[in-house]
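# Close look at the chain arrangement
Here is how the chains run, residue by residue.
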Number of protein chains: 2
Amino acid sequence: MSILVVGSVAFDTVQTPAGRAEEVLGGSASYFSVAASFFAPVHLVAVVGSDFTPDHASIFQERGVDTRGLARAPGKTFRWSGVYGEDINQRTTLATELNVFQEFRPDLPEWLKKIDFVFLANIDPDLQRSVLRQMKRPRLVACDTMNFWITGKSEAVRETLREVDVLLINDEEARQLSGERNTVRAARKILGWGPSSLVVKRGEYGAALYSNRSHFAVPAYPLTDPVDPTGAGDSFAGGFVGHLARTGRLDDGNIRQALVAGSVMASFCVEDFSLRRFGKLRPEEIRMRQKEFSRMTAFEELP
Amino acid sequence: MSILVVGSVAFDTVQTPAGRAEEVLGGSASYFSVAASFFAPVHLVAVVGSDFTPDHASIFQERGVDTRGLARAPGKTFRWSGVYGEDINQRTTLATELNVFQEFRPDLPEWLKKIDFVFLANIDPDLQRSVLRQMKRPRLVACDTMNFWITGKSEAVRETLREVDVLLINDEEARQLSGERNTVRAARKILGWGPSSLVVKRGEYGAALYSNRSHFAVPAYPLTDPVDPTGAGDSFAGGFVGHLARTGRLDDGNIRQALVAGSVMASFCVEDFSLRRFGKLRPEEIRMRQKEFSRMTAFEELP
C-alpha cells in the first residue's frame, strides 16, 4: 500500500563535529519520503521556491518518490541552519527562514485523497487537520509535531491528536505536551487524547512504543562515526510507516517491527550529511541491519 | 556460588520529588549486597562507625547477608546527602562526610579469600586492587568507579581495570574515562584496557553491554512512580553479579540475562527510599518482572 507525506522540503546548512554542509536538501518530508521509499510507494506533498532545481529533486526521482504534489511557489525555498555541539546530540538552531513554506496550504489533488497511509510531518497542526479533512478514510494516520507548536498552539495540537493513530515525538516533547515529568505518565495522558500508539524517540537511546496493548522499547544502532543527526527523526518515521504500509498489518507485533525498521533507517540517515546515505543505500544493507537489531536485543527468558 | 562485595555502608539523607528520608541505610555495598542476596550468598566487607546499631543491620540479617566482614571503627559512619530535581534523573550532592570510611583499608579474613565472584564497589581504585591482591583467583571480578576517581586517579583506575573482567559505569563516566565523546568508541577503548565486558548504565534508558563478542542493550523498566533513584546502579550490579553467581556461567547469553536481572533489581530499588523495597520484595515479583522484560523487548526478526 502507498503512503502520503505532507511536510517540508528545505535547504539546510549544517555544522557538526564531522564537518559542514551548505544548502543541502533537507526538510521533514524529504527525509521521510526517501526513507519510506525503501518500503512502499510514496507520494510527497510540499512546497519549494523558484530556486529549487531538477538537480535538487534527483534523489526523489532515483527513489521513485512521486513529486507531482510538490508545489512550486514564487520566492525562496524554506531554509534552516543549525550547529551540533562536540556532543553531537546537542543541537542549536542558528536560523529558520520559512520563505515559501510560510504560505503553504496543502491542497490535495484527487488521486492522493484515497491513499491508505498518511504521515503528517511537523507542520502547523491546523494544516495537519486540513489535510485529514481532504482524505477519504485513510487506514493509518501518523504524525509528528514539535515544541514550537506545543507551546504556541497546544489546543490545535490536541485537536489534531484526536484524529491521529500514531504520534511520533521525542522525550522532551512528550513531557512538554502532557505537562508530566515522568515519560510513562506522559505517554498515558497522550494516549488518552486519541492516538492508539505513541512512539517516543530517544535519539542515541533508541525508541519506545506505548499503547494500550503493550509497552516495547528498542535501542538505537550503535554508531561509531555519526556524521549528521539532522532528519533522523523523520527517517525513523519513514521506516516506521514504510514497514506498516509494506506489510499492511497494524497488529502489535507488526508495530514493534516497524519501530525496528524506523531505528534502522534513522541509523543510516546519521551516517552522512543530508540524504546522501540514502542515495547509495542498498536494500540488502537494510535487511542486514534489521537482523543486527535482533542479535543486539535478543536474550533468553529468565526462568 | 557466593559473592564478595567490598564498598561503603552509609547513612543517606535524600530529598526527591516524592519525599524525604533522613539518615537511612545506604552505601554501595548495602544496595549491592541486598540486591544480590536474592540470587546467591553474599559476603559484605565494609566499615561502619559506633553509631551503627543492630537495628540498622536488620535488613542484612533478614536477607542472609554475611556481615562478619563489616568492620566497626570508632567515629561516625559515612554520611551522604543529596537532592533530586523535579526531573528525578538530575541529582545534586549536598554533603559527603567520609568519617570512618576515610580510613577504610579492607583486610580480608581467610574465609573470604577464595570467593568466586567479587564486586569492587565504588571505592579508591588503589583499595580495589589491594582487595584483589588478597584474593585467590576469583572466577569473575566486576567493578564500579565514579568521576571523582576518574578525574583524580585516572592512572590507578586504569591499573585496576587490567585485573577486572566486567566494568559497570554510566554513560558520562565511560566518556570521561576514555576521553571519547562517542559511547561506542569509549567502550572499545575501555575494553582495550582489560575488561572483557563493559556494562554502560543509562538510568531511565536502560543499560548496554559492550564486549568483544557482542553488543547488547536492554531498556529500563518503565516506572510511573519513581521514589528515589539512590542505589539503583549498585542494585543493578547486585542483580547482574547475582545472576552470574547463581548460574555459574559466563557465556554471552548468560551475561545478557544478567543485564536483565540487573535492570529488574534497579527498578525495584527506585520504588522506595533506601533499601525499603527490598525488605518486602518476594522472589515471585522478581520472576514476574524478568518475564515482563522479555515481553517488553520481544519482536519477530524482520524478513
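On a predicted model such as this, the values are computed, not experimentally measured, just so you know.

Helix and strand counts for chain A stand at 11 helices and 13 strands. Its C-alpha atoms give chain A a radius of gyration of 18 Å, within 12% of the compact-globule value 19 Å for 303 residues. Counting every position in chain A, which comprises 303 residues, the buried fraction comes to 63%. Sequence separation of 24 or more characterises 63% of the internal contacts of chain A that already satisfy a separation of 6 or more. Working note: accessible area of chain A is about 11900 Å², and carbon and sulfur atoms make up 48% of it. Charged side chains in chain A number 37 positive and 38 negative. The centres of these two groups are separated by 5 Å.

Turning our eyes to something else, we now look at the interface of chain A and chain B. Of the residues lining the interface, 42 residues belong to chain A; the matching set on chain B comes to 42 residues. Both sides together, the interface formed by chain A and chain B hides about 3900 Å², and carbon and sulfur atoms give 53% of it. Looking at the side of chain A facing chain B, the largest losses of area belong to Tyr205(A), Phe299(A) and Leu302(A), adding up to 18% of the total buried there. Between chain A and chain B we count 6 salt bridges in total. Where Arg181(A) meets Asp87(B), a salt bridge forms, and the shortest distance between an N and an O atom there is 3.8 Å.

All names here are of chain B. Two elements in contact, helix α6 (residues 171-178) and helix α7 (residues 183-191), have axes separated by 9 Å at closest approach and are oriented at 60 degrees. Considering the angle they form, α6 stands oblique to α7. In terms of crossing hand, the pair formed by α6 and α7 is left-handed. On α7, the residues touching Asp-171, Ala-174, Arg-175, Leu-177 and Ser-178 of α6 are Thr-183, Ala-186, Lys-189 and Ile-190.

This part is about the side chain of Asp234(A). All names here are of chain A. Relative to the helices and strands, Asp-234 is located in helix α8 (residues 232-247). Lacking a salt bridge, the buried Asp-234 has Lys-201 as its closest oppositely charged neighbour, with an N-O distance of 5.7 Å. Beyond its immediate chain neighbours, meaning those up to four positions away, Asp-234 contacts Ser-28, Tyr-31, Phe-32, Phe-119 and Asp-144.

Let us now look at the packing of aromatic side chains. In the structure shown here, the tally under the stated rule is 19 aromatic pairs over all chains. On the numbers, 5.5 Å between centres and 25 degrees between planes, the contact of Phe101(A) with Phe104(A) is stacked. Side by side, Phe101(A) and Phe104(A) carry an identical accessibility label, which is buried. Aromatic side chains Phe299(A) and Phe216(B) sit 6.0 Å apart centroid to centroid with 75 degrees between the ring planes, which places their arrangement in the edge-to-face category. Pair noted here: Phe299(A) is in the segment after α11 (283-297) and Phe216(B) is in strand β13 (residues 215-218), and the two residues belong to different chains. We note that Phe299(A), like Phe216(B), is buried.

Moving on, we come to the relation of the copies chain A and chain B. Here the two chain copies are tied together by a rotation about an axis and a shift along that axis. Under the fitted operation, chain A is carried onto chain B by 0.0 Å of movement along the axis and a turn of 180 degrees, and the coordinates agree to an RMSD of 0.0 Å. Such values leave the two copies arranged in the relation of a two-fold axis. Minimal C-alpha distance to the rotation axis in chain A is attained by Tyr205(A), lying at 3.2 Å.

This paragraph deals with the packing of helix α8 (residues 232-247) of chain B against helix α9 (residues 252-269) of chain B. Residues and elements named next belong to chain B. Following both chains from N to C, one finds α8 and α9 inclined at 140 degrees, their axes separated by 7 Å at the closest point. Classified by the angle their axes make, α8 and α9 are oblique. Two packed elements cross with a definite hand, and for α8 against α9 that hand is right-handed. Within the contact between the two elements, α8 uses Ala-232, Ser-235, Phe-236, Gly-239, Phe-240, His-243, Leu-244 and Thr-247 and α9 uses Asn-254, Ile-255, Gln-257, Ala-258, Leu-259, Ala-261, Gly-262, Ser-263, Met-265, Ala-266 and Cys-269. Among the residues making up the contact of α8 with α9, the classes are represented as 11 nonpolar, 8 polar and no charged.

Attention shifts here to the sheet that holds strand β2 (residues 10-16) of chain B. Residues and elements named next belong to chain B. Taken in spatial order, the 4 strands line up as β3-β2-β6-β7 in an open sheet, and their pairing is mixed. The sheet is open, and its two edges are formed by β3 (19-26) and β7 (91-97), each paired on a single side. Pairwise comparison of adjacent strand axes, ignoring direction, gives a mean angle of 15 degrees for this sheet.

Right, let's get into the sheet that holds strand β12 (residues 207-211) of chain A. All names here are of chain A. The 9 strands are arranged β5-β4-β1-β8-β9-β10-β11-β12-β13 in an open sheet whose pairing can be described as mixed. Every interior strand has two partners, whereas the edge strands, β5 (66-72) and β13 (215-218), have only one. Between one strand axis and the next, the sheet turns by 15 degrees as a mean value, whatever way the strands run. Direction of pairing for strand β11 (residues 197-201) relative to β12: antiparallel, over a ladder of 5 bridges. For Val-200, the partnering residue across the bridge sits in β12 and is Ala-208. Contacts from helix α6 (residues 171-178) reach β10 (166-170) and β11, with the element oriented near 110 degrees to β10. Against the sheet, α8 engages β1 (3-6), β8 (117-120), β9 (140-143), β10, β11 and β12, with an angle of about 170 degrees to β8.

Moving on: the pairing of strand β9 (residues 140-143) of chain B. On a regular strand, each side chain points to the face opposite its neighbour's, so the side chains alternate between the two faces of the sheet. All names here are of chain B. Burial of the side chains of β9 extends over both faces: Leu-140 and Ala-142 are buried on one face and Val-141 and Cys-143 on the other. One ladder, built from 4 bridges, connects strand β8 (residues 117-120) with β9; its direction is parallel. Opposite Leu-120, over in β9, you have Cys-143 as the bridge partner. For β9 and strand β10 (residues 166-170), the ladder comprises 2 bridges, and the chain directions are parallel. In the sheet register, Cys-143 faces β10, and the bridge partner there is Leu-167.

So, on to the pairing of strand β6 (residues 78-84) of chain A. Residues and elements named next belong to chain A. Within β6, 6 of the 7 residues are buried, which leaves the element mostly enclosed by the surrounding structure. Relative to β6, strand β2 (residues 10-16) is paired through 6 bridges, and the arrangement is parallel. By the bridge assignment, Thr-13 is partnered in β6 with Ser-81. Across 6 bridges, the pairing between β6 and strand β7 (residues 91-97) is antiparallel. Looking across to β7, one finds that Val-83 is bridged to Thr-92.

Thresholds applied
- Residues numbered from 1 in each chain as written.
- Chains lettered and ligands numbered in written order.
- Predicted model: local features only at pLDDT ≥ 70, side-chain atom pairs only at ≥ 80, totals over all residues.
- Heavy atoms only, no water.
- Helix = DSSP H or I, 4+ residues; strand = E, 2+ residues; numbered from the N terminus.
- Rg over C-alpha atoms; globule rule 2.2 N^0.38 Å.
- Buried < 20%, exposed > 50% of the residue type's maximum accessible area, 1.4 Å probe, protein only.
- Contact = heavy atoms within 4.5 Å.
- Areas by Shrake-Rupley, 256 points an atom, 1.4 Å probe, with all protein chains shown as cover.
- Lys, Arg positive; Asp, Glu negative; His and termini not counted.
- Charge placed at Lys NZ, Arg CZ, Asp CG, Glu CD.
- Buried area = accessible area lost by both parts, 1.4 Å probe.
- Salt bridge = Lys/Arg side-chain N within 4 Å of Asp/Glu carboxyl O.
- Axes fitted to C-alpha atoms, helices over the stretch in contact; angles between N-to-C directions.
- Parallel < 35°, antiparallel > 145°, perpendicular 65-115°, else oblique.
- Left-handed = near helix turned anticlockwise from the far one by under 90°.
- Phe/Tyr/Trp six-rings, centres within 6.5 Å; stacked < 30°, edge-to-face > 60°.
- Least-squares fit on C-alpha atoms with pLDDT ≥ 70 in both.
- Nonpolar A, V, L, I, M, F, W, Y, C, P; charged D, E, K, R; others polar.
- Pairing = 2+ DSSP bridges.

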